[in-house]
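# Coordinate analysis (summary)
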Amino acid sequence: MRTLVVVPTYNEASTLPRVAERLLGAAEASDHEITLLVVDDNSPDGTGDIADAIAAHDERVHVLHRPAKGGLGAAYRAGFAWGLRREFDVFCEMDADLSHDPADVPRLLAALAGADLVIGSRYVPGGGVVDWPWHRLALSKGGNRYVRAMTGMPVEDATAGFRAFRRHVLEELELDTVRSDGYSFQLEMALRTWRLGFRIMEVPITFVERSEGVSKISRAIVVEALWRVFQWGIQGPRRAQPVHARSVAALQR
Ligand SMILES: Nc1nc2c(ncn2[C@@H]2O[C@H](COP(=O)(O)OP(=O)(O)OP(=O)(O)O)[C@@H](O)[C@H]2O)c(=O)[nH]1
Ligand SMILES: [Mg+2]
């Protein structure tokens, strides 16, 4: 499985080198063929130059430079489009602030044997969050409960940003028409995947609050998510389609 790990960055100069090193180390230790694509939005702190320096020394690393901060969703769409023009079988999402442990990537990839989308989940048994204040945890868990109630999608951690998609999911969920950003982007991707009848599996991960750099989460991102989930809930079906034919083929492979 040729795997592309897309890591969007905006001012992550202090952690990106460690993220790259740990990811490539995990790839070597597990015998996975992993390529890293950093999608940088012209970070003022020079993250883009650091990414270029890493890529210059390692052919498994590539950098996509975008002119200005355009949001997490737009960065992922650009990164996935780059990978879909090339021959990757699997596409991962991962944050650059070390909240996600790159050493968990092989575990996510292994779970793809029985799924089309694997979510690194904080809220299934064995998963967890380190260093979040109670109100942040309450917001996140409450948000996920709201998503389940509105949409019927049986996912515990639908806002998680640590994921692995099989290529055919991205080919079929019409990425060009995904408009949302932030948490809503993650929610919309999971909801489209589920509604198409693809199989979603959650594997436990421990999410560690960033200790360096600055959060990009804003009130607007939260309000956008609440509003969009409400719309998706009243507009869309509350059930997934029967299991997607391609999903079954993927499981047999
Ligand atoms: N290219 C790009 N990356 C972004 C943008 N916004 C956020 N990111 C990256 O997306 C990832 C997740 O963003 P975070 O700010 O860590 O969001 P979070 O993990 O939900 O919240 P905190 O860790 O508390 O900040 C990080 O790697 C960010 O650098 C953006 O507009 N453009
Ligand atoms: Mg973060």
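Notes on the structure follow. (Residues numbered from 1 in each chain as written. Chains lettered and ligands numbered in written order. Predicted model: local features only at pLDDT ≥ 70, side-chain atom pairs only at ≥ 80, totals over all residues. Heavy atoms only, no water.)

Keep in mind that most residues, glycine aside, have a negative phi and that most peptide bonds are trans. Not every positive phi belongs to a glycine, and N42 is a case in point at roughly 55 degrees. Looking at the secondary structure, you find N42 in the loop between β2 (33-40) and α2 (47-57). By relative accessible area, which is 51% here, N42 ends up exposed. Unusually for a residue other than glycine, E174 sits at a positive phi of about 55 degrees. Its location among the elements puts E174 in the loop between α6 (167-172) and α7 (182-195). Here E174 falls in the exposed class, since its relative accessible area comes to 54%. (Helix = DSSP H or I, 4+ residues; strand = E, 2+ residues; numbered from the N terminus. Buried < 20%, exposed > 50% of the residue type's maximum accessible area, 1.4 Å probe, protein only.)

Considering the arrangement of structural elements, one finds W194 in helix α7. Taking the C-alpha atoms as reference points, W194 and V155, 39 residues apart in sequence, are found 9.4 Å from one another.

Attention shifts here to the pairing of strand β1 (residues 2-9). Two faces, one strand: in a regular strand the side chains alternate between the faces of the sheet. Among the 8 residues of β1, 7 are classified as buried, and the element is accordingly described as predominantly covered. Between β1 and its parallel partner β2, the chain crosses via helix α1 (residues 16-30), and the hand of that crossover is right-handed. Relative to strand β4 (residues 90-93), β1 is paired through 4 bridges, and the arrangement is parallel. Its bridge partner lying in β4, V5 is registered against C92. (Right-handed = clockwise from strand over helix to strand, strands pointing away. Pairing = 2+ DSSP bridges.)

Read across the sheet, 7 strands follow the order β3-β2-β1-β4-β7-β5-β8 without closing on themselves; strand pairing throughout is mixed. Every other strand in the sheet has two partners, leaving β3 (61-65) and β8 (200-204) as the edge strands with one partner each. The sheet shows a mean angle of 20 degrees between the axes of neighbouring strands, direction not considered. Judged from the 3 bridges that link them, strand β5 (residues 117-121) and strand β7 (residues 163-166) form a sheet pairing that is antiparallel. Residue pairing for β7: V118 is matched across the bridge by A164. Across the sheet, α1 is in contact with β1, β2 and β3; its angle to β2 comes to roughly 165 degrees. α2 rests against β1, β2 and β3 of the sheet, and its axis sits at about 150 degrees to β3. (Axes fitted to C-alpha atoms, helices over the stretch in contact; angles between N-to-C directions. Contact = heavy atoms within 4.5 Å.)

Turning our attention to a nonpolar patch on the surface. Side chains of W227, F230 and I234 sit close together on the surface and give an oily, nonpolar patch of about 340 Å² of accessible area. Take F230: its relative accessible area is 34%, and that puts it in the partly exposed class. (Patch = residues over 30% accessible without salt bridge, like charges linked within 9 Å, V, L, I, M, F, W, Y side chains within 5 Å. Areas by Shrake-Rupley, 256 points an atom, 1.4 Å probe, with all protein chains shown as cover. Salt bridge = Lys/Arg side-chain N within 4 Å of Asp/Glu carboxyl O.)

By the secondary structure assignment, T47 is in helix α2. Not counting residues up to four positions away in its chain, the partners in contact with T47 are T9, N11, E12, A13, L16 and D40.

Below, the discussion takes up the packing of α7 against helix α8 (residues 219-235). As a packed pair, α7 and α8 sit with axes 7 Å apart at the nearest point and diverge in direction by 25 degrees. Taken together, α7 and α8 sit at an angle that is classed as roughly parallel. Contacts from G182, Y183, S184, L187, E188, L191 and R195 of α7 reach α8 at I221, V222, E224, A225, R228, V229 and W232. (Parallel < 35°, antiparallel > 145°, perpendicular 65-115°, else oblique.)

Attention now moves to the pattern of salt bridges. With the rule as written, the count across this model stands at 17 salt bridges. R107 is the partner of D104 in a salt bridge, and the nearest nitrogen-oxygen pair spans 3.3 Å. According to the relative accessible area criterion, D104 is buried, its value standing at 13%. Put simply, R167, E171, E172 and R246 are held in one network by salt bridges that share partners.

What follows deals with the environment of L36. The topology assignment puts L36 in strand β2. Given the relative accessible area of 1%, L36 is considered buried. The sequence separation of L36 and R86 amounts to 50 residues, and the corresponding C-alpha distance is 13 Å. Those residues within four positions of L36 in sequence are excluded, and the remaining contacts are V5, V7, A20, L23, R60, V61 and H62.

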